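Read off the chains here:
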Amino acid sequence: MGNWVVNHWFSVLFLAVWLGLNVFLFVDAFLKYETADRYYYTRKILGFCSRTLRKQLDHNLTFHKLVAYMICLHTAIHIIAHLFNFDRYSRSRQATDGSLVSILSSLSHDETKGGSWLNPIQFRNMTVEYVTFTSIAGLTGVIMTIALILMVTSATEFIRRSYFEVFWYTHHLFIFYILGLGIHGIGGIVRGQTEESINEGHPHKCAEYFEMWNNHDCRCRRPEFEGQPPESWKWILAPVILYICERILRFYRSQQKVVITKVVMHPSKVLELQMNKRGFSMEVGQYIFVNCPSISPLEWHPFTLTSAPEEDFFSIHIRAAGDWTENLIRAFEQQYSPIPRIEVDGPFGTASEDVFQYEVAVLVGAGIGVTPFASILKSIWYKFQGADHNLKTKKIYFYWICRETGAFSWFNDLLTSLEKEMEELGKVGFLDYRLFLTGWDSNIVGHAALNFDKATDILTGLKQKTSFGRPMWDNEFSTIATSHPKSVVGVFLCGPQTLAKSLRKCCHRYSSLDPRKVQFYFNKENF
């Protein structure tokens, strides 16, 4: 067995890579196409496990990207291996020296004579390009490669942010990729000796007497070959079934009627929609996919829920950040036109669901990224109203970073209500919030400085003064670690990747090596 492995090391390596790739495809399909309800209940089941294990659910998009890189790498290896293979096929077909490879390459492609060919290049003047575009394996390989290149290039962050429609439509080329993968091996271009032929003459013995294959005195006969049955469909069958079921479920849920009960236009071109839907149930921090058929029947965009589970409606806040959102806001601004029909799918689970599992929570929102924390803070308000004694969280630090003052306005009412509620309940220290303005000029700073002695902030009307610039995260984390030396602190972010890197580093830097002391756990929203 050891000698066989040594002699066939490349085949063993290729088989291992191929099997590993298909396992990746299967697991990736499970994570990517997992339904909202399944994801929600999976989090609940893993609630009995460690935080580290539960947090892996929140890295499904990262896993998806890593699998995409692996697919690209293995595709390149696969194509390069075929190029070398076809070069060998071509040289073998051109050979006229009567060698073993030339005899095997000359086996007939004529189906009336058994079609026991081994070399896919039938004639000496046949080109590799001709075989590629006339065989099932070659044609599907080209289609899959083109689809993969378009999907990967259109999934870059620049295109995804600036031209979402391009990303959305090209990413659905995966349908052609999966179909091509399923029928790629039907043509039988990978061939092996038939079992009957092997029984008549073992290849290790008869290969030495290939010149005597046609002699009646020789016990070795000309070998017979056949195409190997396709195997890839076995690996993609389960993910495809799972995906089809998920799409049917999503279609069913999206067809359920959504009633828009209230429309509010906030400053900074932020649209608030309050809605009702039969059987809709949510948790804090979750998000939904929204479709407006009058704008685009195929586009679905994710929006974080800003309402609390205790409310009798669910709401989202939409900021103008592209053609689709601008068209949606414009449609709702028209006074004498009927309200556009909205379809909703979800809710979907996120990392913010675990916020009440921590003794201390640090919430960081950038711009419209404050929306998941609106749901959390509203839920806290309701919990205090209902005197919920099961609330594990004892302290919340809330940081909101905005470029312009108008962005603060739609959230002021909630923060004002929380301030008042905390004072009445004697829990002023429960919520420590800080507002940071990054887009400012000397006039705004001068105006704020002149009115600094007033009881409320001149920009927001809140008791907490607005800070200019960005937070000094090392100082903030050091203060939190000192104030809670033996607590488990959950850090939750909804914002850009650059901010995520800074917060992740601070979580590692200020977590104690002693597990009995302060520990910071970083969580980021991924859409």
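Residues numbered from 1 in each chain as written. Predicted model: local features only at pLDDT ≥ 70, side-chain atom pairs only at ≥ 80, totals over all residues. Heavy atoms only, no water.

An unreviewed UniProt entry lists the protein chain under the name NADPH oxidase 1, with Macaca fascicularis given as the organism. For the protein chain, the Catalytic activity (unreviewed entry) comment in UniProt is given as "NADPH + 2 O2 = 2 superoxide + NADP(+) + H(+)". (UniProt positions renumbered as here; feature names shortened; annotations may be inferred.)

This part is about the overall build of the protein chain. A count of helices and strands for the protein chain gives 20 helices and 14 strands. Split into buried and exposed, the 527 residues of the protein chain put 44% on the buried side. Residue pairs at least 24 apart in sequence account for 72% of intrachain contacts in the protein chain once pairs closer than 6 positions are excluded. When the accessible area of the protein chain is evaluated, it comes to approximately 29,300 Å², of which 59% is carbon and sulfur surface. (Helix = DSSP H or I, 4+ residues; strand = E, 2+ residues; numbered from the N terminus. Buried < 20%, exposed > 50% of the residue type's maximum accessible area, 1.4 Å probe, protein only. Contact = heavy atoms within 4.5 Å. Areas by Shrake-Rupley, 256 points an atom, 1.4 Å probe, with all protein chains shown as cover.)

Our next topic: the environment of F225. Looking at the secondary structure, you find F225 in strand β2 (residues 225–227). Distance in space between the C-alpha atoms of F225 and Q193 is 4.3 Å, their sequence separation being 32 residues.

Let us now look at the UniProt feature "transmembrane region" (unreviewed entry) in the protein chain. Mapped onto the present numbering, the UniProt feature "transmembrane region" (unreviewed entry) falls at residues 12–31, 66–84, 130–154 and 166–190. With 100% helix and 0% strand, the stretch residues 66–84 has end C-alpha atoms that lie 27 Å from each other. Along residues 130–154 one finds 96% helix and 0% strand; the C-alpha atoms at either end are 30 Å apart.

On inspection of all chains with the given rule, the structure shows 15 aromatic pairs. Aromatic pair F158 and Y163: ring centres 6.1 Å apart, planes at 70°, arrangement edge-to-face. Classification of Y163 as partly exposed rests on a relative accessible area of 47%. Ring centres 6.3 Å apart and planes at 45° place the aromatic pair Y358 and Y521 in the tilted group. In this pair, Y358 is assigned in the loop between β8 (343–348) and β9 (360–366) and Y521 in strand β14 (residues 519–524), connecting sequence segments 163 residues apart. Residue Y358 is classed as buried on the basis of its relative accessible area of 1%. (Phe/Tyr/Trp six-rings, centres within 6.5 Å; stacked < 30°, edge-to-face > 60°.)

With antiparallel pairing, 3 strands are arranged side by side in an open sheet as β3-β4-β7. If you trace the sheet from one side to the other, it starts and ends with β3 (258–266) and β7 (314–319), each paired once. Adjacent strand axes in the sheet meet at a mean angle of 20° when their direction is disregarded. Direction of pairing for β3 relative to strand β4 (residues 270–277): antiparallel, over a ladder of 8 bridges. From the neighbouring strand, V258 faces β4, where its bridge partner is K277. (Pairing = 2+ DSSP bridges. Axes fitted to C-alpha atoms, helices over the stretch in contact; angles between N-to-C directions.)

At a minimum axis separation of 9 Å, helix α8 (residues 136–154) and helix α11 (residues 174–183) run at an interaxial angle of 155°. With respect to each other, α8 and α11 are oriented roughly antiparallel. For the element pair α8 and α11, the recorded crossing hand is left-handed. In this structure, α8 contributes I136, T140, M144, L148 and M151 to the contact, and α11 contributes F174, Y177, G180, L181 and I183. When its residues are assigned to classes, the contact of α8 with α11 shows 8 nonpolar, 2 polar and no charged. (Parallel < 35°, antiparallel > 145°, perpendicular 65-115°, else oblique. Left-handed = near helix turned anticlockwise from the far one by under 90°. Nonpolar A, V, L, I, M, F, W, Y, C, P; charged D, E, K, R; others polar.)

Of the residues making up helix α15 (residues 323–333), those classed as buried are W324, T325, L328, I329, A331 and F332. Projection of α15 onto a plane perpendicular to its axis shows the buried side chains occupying an angular sector of 160°, all on one side. Packed against the buried residues of α15 are α10 (164–171), β3, β4, β5 (287–291), β6 (301–304) and β7. (Arc of directions from axis to C-beta.)

Before going further, it helps to examine the environment of I339. Within the element layout of this structure, I339 appears in the loop between α15 and β8. Distance from I339 to V263, taken between C-alpha atoms, is 9.6 Å for residues 76 residues apart in sequence.

L363, I380, F398 and L431 are the most contacted members of the largest nonpolar core, which totals 27 residues. Counting residues per element, the ones that place at least two in this core are β9, α16 (371–385), β10 (395–402), α17 (409–425), β11 (431–437) and β13 (488–494). Tallying contributions element by element places α16 first for this core, with 5 residues. (Core = buried A, V, L, I, M, F, W, Y, C linked by side-chain atoms within 4.5 Å.)

If you walk through the whole model with that rule in mind, you get 7 salt bridges. Of the charged contacts in the structure, one is a salt bridge between R250 and E246, with a shortest N-O distance of 3.7 Å. A residue pair is termed a helical-turn pair when its members lie 3 or 4 positions apart in one helix, as R250 and E246 do in helix α14 (residues 232–254) at 4 residues. A single burial state applies to R250 and to E246, both of which are buried. When salt bridges that share partners are traced, they join E246, R250, R253 and D345 into one network. (Salt bridge = Lys/Arg side-chain N within 4 Å of Asp/Glu carboxyl O.)

Note on placement: N291 falls in strand β5. Given a relative accessible area of 0%, N291 falls into the buried group. For N291, the side chain forms a polar contact with the main-chain oxygen of S296, separated by 2.9 Å. Within the local environment of N291, its side chain forms a polar contact with the backbone oxygen of E299, the two atoms lying 2.7 Å apart. (Polar contact = N/O pair within 3.5 Å; in protein donor to acceptor, adjacent residues only side chain to side chain.)

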